[in-house]
Amino acid sequence: MSLELPAVAPAVTAELVAALSPRLRKRLDAGVTKLADRPAVRDGDTVRITVDDEGSELELRAPGGVVATVADIRCGCLLSPDCLHRAAAASAAPVADPAAAPPPPPDATMAAPPSDGVTAAPDTDLAAAVSRAGACRAGGATASGAATASGQAVPRDGARAAEESATPAQHAAVEAVFNATAAVLDAGTDGSGAVLQAELLRAAHTARLAGLPRAATAVVSVVTALRAARAADPAFRLAELVAALSETLYVAHRVRTATGAELAGLRGTVRQPYTPDGSLRLYGLFSEPVLTASGYAGAVTWTADADGRLYTVSDVAPGGAGRAVGAADRAVRIGDTALTHRELARAGLAVSGATVSPTGRLGAGAGVRAVRASGADWRDEPLDRLWAVPVAEQVQRVLSGGPDLLFLEVTPTGVVRGGAGDALLADCDGLPLRLTAAHDHPALPHRDNLRLLAAVHGRRLRVVARLVAAPDARAQLLATEHPTIAGSRVDLGLDRLQHADLPSPAAAGVVPASPEAPLHLLRRRVEQASSGGRRVLAFPGNTAADVHRLRRHGLATAGDILDALLAAAAERSRDAFGRLLPADPGRFARVWLTAARYADEVDRVLCAAAWGG
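(A) Broad picture of the packing of helix H3 (residues 28-35) against helix H4 (residues 85-92). Packing of H3 against H4 leaves a shortest axis separation of 9 Å and a crossing angle of 70°. Comparing their axes, H4 and H3 come out roughly perpendicular. Along its contact with H3, which presents Leu-28, Gly-31, Val-32 and Leu-35, the element H4 presents Ala-87, Ala-88, Ala-89, Ser-91 and Ala-92.

(B) Region of the structure containing the state of the cysteines. With the rule as written, the count across this model stands at zero disulfides. Cys-83 carries a free sulfur, and the closest cysteine sulfur to it, the one in Cys-77, is 3.7 Å from it. On the accessibility criterion, Cys-83 (4% relative accessible area) is buried.

(C) Up close: the packing of helix H19 (residues 544-552) against helix H20 (residues 556-570). Axis separation between H19 and H20 bottoms out at 7 Å; the angle between their running directions is 160°. With respect to H20, the axis of H19 lies roughly antiparallel. Along its contact with H19, which presents Asp-546, Val-547, Leu-550 and Arg-551, the element H20 presents Ala-556, Ala-558, Gly-559, Asp-560, Leu-562 and Asp-563. Across the contact of H19 with H20, the residue classes break down as five nonpolar, one polar and four charged.

(D) Highlighting the environment of Asp-52. Looking at the element boundaries, Asp-52 is found in the loop between strand S3 (46-50) and strand S4 (57-61). Classification of Asp-52 by relative accessible area gives buried; the value is 19%. Along the sequence, Asp-52 and His-85 sit 33 residues apart, while their C-alpha atoms lie 10.0 Å from each other. Contact partners of Asp-52, with chain neighbours within four places excluded, come to Arg-38 and Cys-77. Among the polar contacts made by the side chain of Asp-52, one reaches the main-chain amide nitrogen of Gly-55 at a distance of 3.1 Å.

(E) Quick look at the sheet that holds S3. As summarised here, the arrangement of the four strands in space is S2-S3-S4-S6, forming an open sheet in which the pairing is antiparallel. The open sheet is flanked by strand S2 (40-43) and strand S6 (73-75), the only strands paired with a single partner. Going from strand to strand, the sheet's axes swing by 15° on average, the running direction of each strand aside. Note: S2 against S3, four bridges, orientation antiparallel. Looking at S3, one finds that Asp-43 is bridged to Thr-46. The strands touched by H4 within the sheet are S4 and S6, with S6 carrying the most contacts at an inclination of about 140°.

(F) Broad picture of the pairing of strand S12 (residues 348-356). Where strand S9 (residues 275-291) and S12 come together, seven bridges link them in antiparallel fashion. The residue bridging Thr-275 from the neighbouring strand is Val-356, located in S12. Pairing of S12 with strand S13 (residues 369-373), which is carried by five bridges, proceeds in the antiparallel orientation. Looking across to S13, one finds that Val-351 is bridged to Ala-370.

(G) Seen up close, the packing of aromatic side chains. Under the definition given, this model contains three aromatic pairs. With a centroid separation of 6.2 Å and an interplanar angle of 10°, the aromatic rings of Phe-286 and Trp-302 are classed as stacked. With Phe-286 in strand S9 and Trp-302 in strand S10 (residues 296-304), this residue pair connects regions lying 16 residues apart in the sequence. Seen in terms of ring centroids, Trp-387 and Phe-407 are 5.1 Å apart; in terms of plane orientation they differ by 70°. Their pairing is edge-to-face. In this pair, Trp-387 sits in helix H14 (residues 384-388) while Phe-407 sits in strand S14 (residues 405-417), placing the two residues 20 residues apart along the sequence. Among the residues examined, Trp-387 registers a relative accessible area of 8% and is labelled buried. Among the aromatic residues, ring-to-ring pairing joins Trp-378, Trp-387 and Phe-407 into one connected group. Here the guanidinium or amino end of Arg-256 rests over the ring plane of Phe-178, the centre of that ring lying 4.8 Å away.

Scoring rules and cut-offs
- Residues numbered from 1 in each chain as written.
- Predicted model: local features only at pLDDT ≥ 70, side-chain atom pairs only at ≥ 80, totals over all residues.
- Heavy atoms only, no water.
- Axes fitted to C-alpha atoms, helices over the stretch in contact; angles between N-to-C directions.
- Helix = DSSP H or I, 4+ residues; strand = E, 2+ residues; numbered from the N terminus.
- Parallel < 35°, antiparallel > 145°, perpendicular 65-115°, else oblique.
- Contact = heavy atoms within 4.5 Å.
- Disulfide = S-S within 2.5 Å.
- Buried < 20%, exposed > 50% of the residue type's maximum accessible area, 1.4 Å probe, protein only.
- Nonpolar A, V, L, I, M, F, W, Y, C, P; charged D, E, K, R; others polar.
- Polar contact = N/O pair within 3.5 Å; in protein donor to acceptor, adjacent residues only side chain to side chain.
- Pairing = 2+ DSSP bridges.
- Phe/Tyr/Trp six-rings, centres within 6.5 Å; stacked < 30°, edge-to-face > 60°.
- Lys NZ or Arg CZ within 6 Å of the ring centre and 35° of its normal.

This is the structure:
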């Protein structure tokens, strides 16, 4: 099916799958595959799919871009409403962010809507839009309570908040989230079909109603990654599935015992509050396209004020690659300005009555006024000061939860060939640096531009990149000075470099990939379990060499965790008659979570060391 289906609220998919008979549940995955080959047409907010040769039509109504209720999916076949088609369509469509669904009862709502009266895109979509960018001001997303200038949540009643713990409803919700996620980890991607995904979505809906939007959003990320893996989507990355599983299990595990400020952070917020920030004079830095696996697309433009604080202007909505490519030429939705995102990236903006979220996203309420102003070159004030900050200090800021952009001066030296794809090797003040493409979708020019930049071997350039937490110095390349046109810059996700604009690439060399870090021995097992399930690690084998190598490199804890992970995968108890009992998915999930979190933390430490921190 070439037509993109509208996003469907998690509760809708869960309810439709739960209503199926056991016989139809067994046929659901095949139904999803069959539906993808049926013709479909769009008429405004409605998508119609011809489900059989008799001309029966399935209709999905999505006012506002989201199918919000079961009644919004109708089928004209003879077996409707008990047919397979409705559940298959919901299971094939992108999962709507929980914040886009109808709101839960008032007593379960954890955060108020933006104070400027604007209906903002879900926080998680903006986070995906900027590839999990950190907070653009001094801190991250706030939990319930008043936010300080540092972005940390301040409880309304300190003594009471310190003693606050999760409610019984929240305990039940995270239990459902943990069990559903553990079942997926036990089955692996091949075994996590539409039925298991529906159980995850039901758990997400329960968590949302219990006032746990962070858990609900994490579950949706797991389902989105599973669907991409099962569909062999070229954009699927195993690391993203691992991260989603780890986040979901971690939140579900910690909510049970957390109190006070930690609990508030684990609960999360449905929408980020916008607070007044007076008048702002902003200078455009660059613009990047947004294309998420959850069905959102658009553009985000980054700007900075005279003090170097970062602000974003976004246009992210349900859509696909076409919207991601075209959004940069849409006018920014702030005040009366007619600037497009592409123009704002090189111009300036004067804003009065500004409202700003804790992550630096500019609001577009009725009281906000904005007019075009002059921009600044990257080598002129005030933008020049962004590149004056030492690289190690920038990396430490990112790893501490700040904005994840790096402002670097690099000299391309060659091309790196590795298992993760080609990368541009560059020298950053004596530091060997790998610059990778920020997005692999063929509709976006990231990869092509990265290959062409190998032609500027030996030429020093200023770039903007996004830090990748890895044992070596690695970052995703977002924007660069033009290699041959002084004062010009290239947004690598929007602009296409031309061979005619570049020098001859004869001097560029090819560099082999460096040997894998020993931590990969543990990371590989974590990824194998995410993809193949618990049984992949339960096969007998000798892991003594891996454990010995980890310990020889000072990673004794990693060796112990690897032993425990493999033991949990193979562990099976017997009843009084000697018969094997079912495995315990919960125990395996807890040990797997320990391994995943440990590997992430070691990567952070090694990343800081690689950048000179």
